[in-house]
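A look at the structure
As a plain string of letters, each chain reads:
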Amino acid sequence: MNIKYVPTICPYCGVGCGMNLVVKDEKVVGVEPWKRHPVNEGKLCPKGNFCYEIIHREDRLTTPLIKENGEFREASWEEAYDLIASKLGAYDPKEIGFFCCARSPNENIYVNQKFARIVVGTQNIDHCARLCHGPTVAGLAASFGSGAMTNSYASFEDADLIFSIGANSLEAHPLVGRKLMRAKMKGAYFIVADPRYTPTAKQADQYIPFKTGTDVALMNAMMNVIISEGLEDKKFIEERTKNYEELKEVVSKYTPEMAEKITQVPAEIIRDIAIKYAKADKAAIVYSLGITEHSHGVDNVMQTANLAMLTGNIGRLGTGVNPLRGQNNVQGACDMGALPTDYPGYRKVADNEVMKDITCSWGCSDFSCEPGLKIPEMIDAAAKGDLKVLYVTGEDPVISDPDTHHVEEALNNLDFFVVQDIFMTDTAQFADVVLPAACWAEQEGTFTNGERRVQLIRKAVDAPGEAKYDWEIFCDLAKKMGADPEMFTYESAQDIFEEVRTVTPQYAGMNRERLERPEALHWPCPSEDHPGTAMMHVEKFAHPDGLGIFMPLEEQGPQETPDEEYPLLLTTTRLLFHYHAAMTRRAHTLDREVPTGYVEINNEDAVELGIVNNEKVKVRSRRGEIEINARVTPDILKGIVNIPMHFRECSANILTNASAIDPKSGMPEYKACAVAITKMGVA
Ligand code: SF4
């Protein structure tokens, strides 16, 4: 019997746990946690434990498929390439868009965006960070000069107090949740603010239920208290920040009494948590999509930065502003320039000097300095007929983007649509060409986790059938379309990484030998003798003048609020056993745990509506309606309902609002839209 253990990284969330794939006779038959791995220390959550179940499924895509007369037929790679090349060459580059894959290794994403920019000539390049942590990238970059987590996961264990807002870590980022629990056992005071009494909230020392979408008011009131009590860190403010007086003026209006009316949090509770946060020597903020997925997501993010700077809780162990990133490599996808506004390393598309530098490095001619379209803008443009061709790699917008009917209308309206994936997803059904890709267990490369740790993934088995690496496909297409072969010829993923280092300053000091160690390296790592940066902003912020910027912010609230016709506010969430849909719903152990969706309704609302637990109900919004089982619970505030987003047959995103968009980041408001719930058979 031939058994080997291949160390690699989990393909699901941004925690980035290490694991060994157990390979027997060239098949992955199990997973063993990586005991020496610094993130998960020999533990995995259910998603990680059963991630191998999808690798050898019979429904993996194994050959290119071309749609003819509404049916897919198998095709050769040459035939598929010829068709795609002819279509990509036939349209104005501004009519073509790319969704990159944040599940894929950095090397694939890097070549994807390079292909889109050099060969197709478009800046319409984006990925799913737009729909999860786009506001983090924009908000923390505005406040601190860098749009990433400030500390490492290990740093939580040094905290005296942890303020978690809009993060259900024990379900969505379980191995970070474990670190938070360890911090609590070591004595950290754990405050959780969330509209739902989540499994994480149930572990809190103090739980603060508050009305969805009122984060700015809550944190303004906390800062109001901190300043009125004289608990602000005057030395830090003076030496490390600017714009304090402007902040002070705005927060002075937000007394706890005023914020109570907006947030539903009693004034004395706001006062209490503000004082506790400010008095802690080392206080860490943890947040996730409850902060970002709003039409004012960037404001929410900048509020967390304001709160941390006001109290000097930055640049030390146990402090910081710590967004918990979503997909396994969504941090890397941002770093690699899968963004319409940024080249690799967050160098701005709009800056002519940057463009000259990048084109010089790549050896190509000039690009447009006009930023491209973001994902929601590409969907809107497709629906209007302005975007004609879309190339989606490893994304499933029919499930994951807001307002499913609008997404379907947009995809149906395209002249030509390519999907590159490992399964025939709900989105791939709409495609003209579907290309089979290798999954994470079948390739080498790097993933960058949410704490900026760049980690190697290693090949355990061959890809099925004719499936290829994403980077191979883009290189083949580039050559087919007449690009200079030198720009798109690589021997391996490592070969690509060597190029990534030359155009991504944060990765410049990383090489294979250094990344082989389990602890790998955190960026920024500017040179080969640099140890990497587990904690940012220690002595200065990443802005050119080294100062952090206070951002005075006013409460905006959700764009769509309940009314007589739609009297409830819907929020959407994720579950412990699922990650989006395409992969975990095909992992039979995970799917068996939670086989379908449900709507959580507060007990009192259920009584008023005459609804009992497990009864099938109809949920309607201005976009559409679904039928779904009711879960009656006291664990959600009255007036708010919640639907997990993973389930096509009762999809929350049929209801969500694609028109409520954060103007600063393009984030749609997944966390708040108005709905009505009725018993079945009632109009
Ligand atoms: Fe995978 Fe995230 Fe679970 Fe770790 S916490 S095993 S990275 S899904």
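Residues numbered from 1 in each chain as written. Predicted model: local features only at pLDDT ≥ 70, side-chain atom pairs only at ≥ 80, totals over all residues. Heavy atoms only, no water.

1. Observations concerning the site of the ligand
Test applied: Whether a residue is near a molecule or strand is decided by its heavy atoms; if any one of them lies within 4 Å of it, the residue is near. Each residue gets one label: Ala, Val, Leu, Ile, Met, Phe, Trp, Tyr, Cys and Pro are nonpolar, Asp, Glu, Lys and Arg are charged, and the others, such as Gly, are polar.
Neighbouring the ligand are Cys10, Tyr12, Cys13, Gly16, Cys17, Leu44, Cys45, Lys47, Gly48, Pro174 and Leu175. Grouping the amino acids of the shell around the ligand by side-chain chemistry returns 8 nonpolar, 2 polar and 1 charged.

2. Considering the sheet that holds strand β2 (residues 18–24)
Threshold: When DSSP finds two or more bridges between a pair of strands, those strands are recorded as paired. Each helix is a run of DSSP H or I of at least 4 residues and each strand a run of E of at least 2, with the numbering of both proceeding from the N terminus. To get an axis, fit a line to the C-alpha atoms, keeping to the stretch in contact for a helix; angles then go from 0 to 180 degrees between the N-to-C directions.
If you trace the 3 strands from one edge of the open sheet to the other, you get β1-β2-β3, paired in antiparallel fashion. The open sheet has two edge strands, β1 (3–9) and β3 (27–33), and neither has a second partner. Direction aside, neighbouring strands of the sheet carry axes that sit 30° apart on average.

3. So, the nonpolar core
Heads up, the rule is: Note on terminology: a nonpolar core comprises buried Ala, Val, Leu, Ile, Met, Phe, Trp, Tyr and Cys residues joined through side-chain atoms within 4.5 Å. The cut-offs for exposure are 20% and 50% of the maximum accessible area for each residue type, with area from a 1.4 Å probe on protein chains only; residues under the lower value are buried, those over the upper are exposed, and the others partly exposed.
Formed by 79 residues in total, the largest nonpolar core has its most connected members in Phe156, Ile162, Trp440, Val599, Val619, Ile643 and Ile677. Per-element tally for this core: the top contributor is helix α6 (residues 174–185), with 5 residues. Residues Ile118, Phe416, Ile473 and Ala520 belong to the second largest nonpolar core, which totals 72 residues.

4. Details of the pairing of strand β23 (residues 568–573)
Within β23, 6 of the 6 residues are buried, which leaves the element mostly enclosed by the surrounding structure. Burial along β23 is two-sided: Leu568, Leu570 and Thr572 facing one way and Leu569, Thr571 and Thr573 facing the other are all buried. Relative to strand β30 (residues 673–679), β23 runs antiparallel, the two being bridged by 3 bridges. Within the sheet, the bridge partner assigned to leucine 568 lies in β30 and is valine 675. Bridge count for β23 against strand β27 (residues 640–644) is 5 bridges, and the pairing is parallel. Each residue of the ladder has a partner; that of threonine 573, found in β27, is proline 644.

5. Some details on the sheet that holds β23
Strand-to-strand pairing in sheets goes through backbone hydrogen bonds, with the strands running parallel or antiparallel. The strand order β23-β27-β24-β26-β25-β30 describes a closed barrel built from 6 strands, whose pairing is mixed. For this sheet, the mean inter-axis angle between neighbouring strands, taken without regard to orientation, is 45°.

6. A closer look at the domain arrangement of the protein
Frequently, the measure chosen for interface size is the accessible area removed from exposure when the parts meet. Heads up, the condition is: Where a domain begins and ends is set by an automatic assignment or by a domain database. Note on contacts: a residue pair qualifies if any of its non-hydrogen atoms lie within 4.5 Å across the two residues. Computed with a 1.4 Å rolling probe, the buried area is the accessible surface lost when two parts are put together, summed over both parts.
If you check the domain split of the protein, you get domain 1 (3–54), domain 2 (65–127 + 328–522), domain 3 (150–323) and domain 4 (568–679). The C-alpha-based centres of domain 1 and domain 2 are spaced at 25 Å. With 25 residues of domain 1 at the contact, the number on the domain 2 side is 20 residues. When domain 1 packs against domain 2, close to 1700 Å² is buried across both sides, 63% of that on carbon and sulfur atoms. Sorting the residues of domain 1 by area buried against domain 2 places Ile9, Pro11 and Ile54 first, and these three jointly supply 26% of that buried surface.

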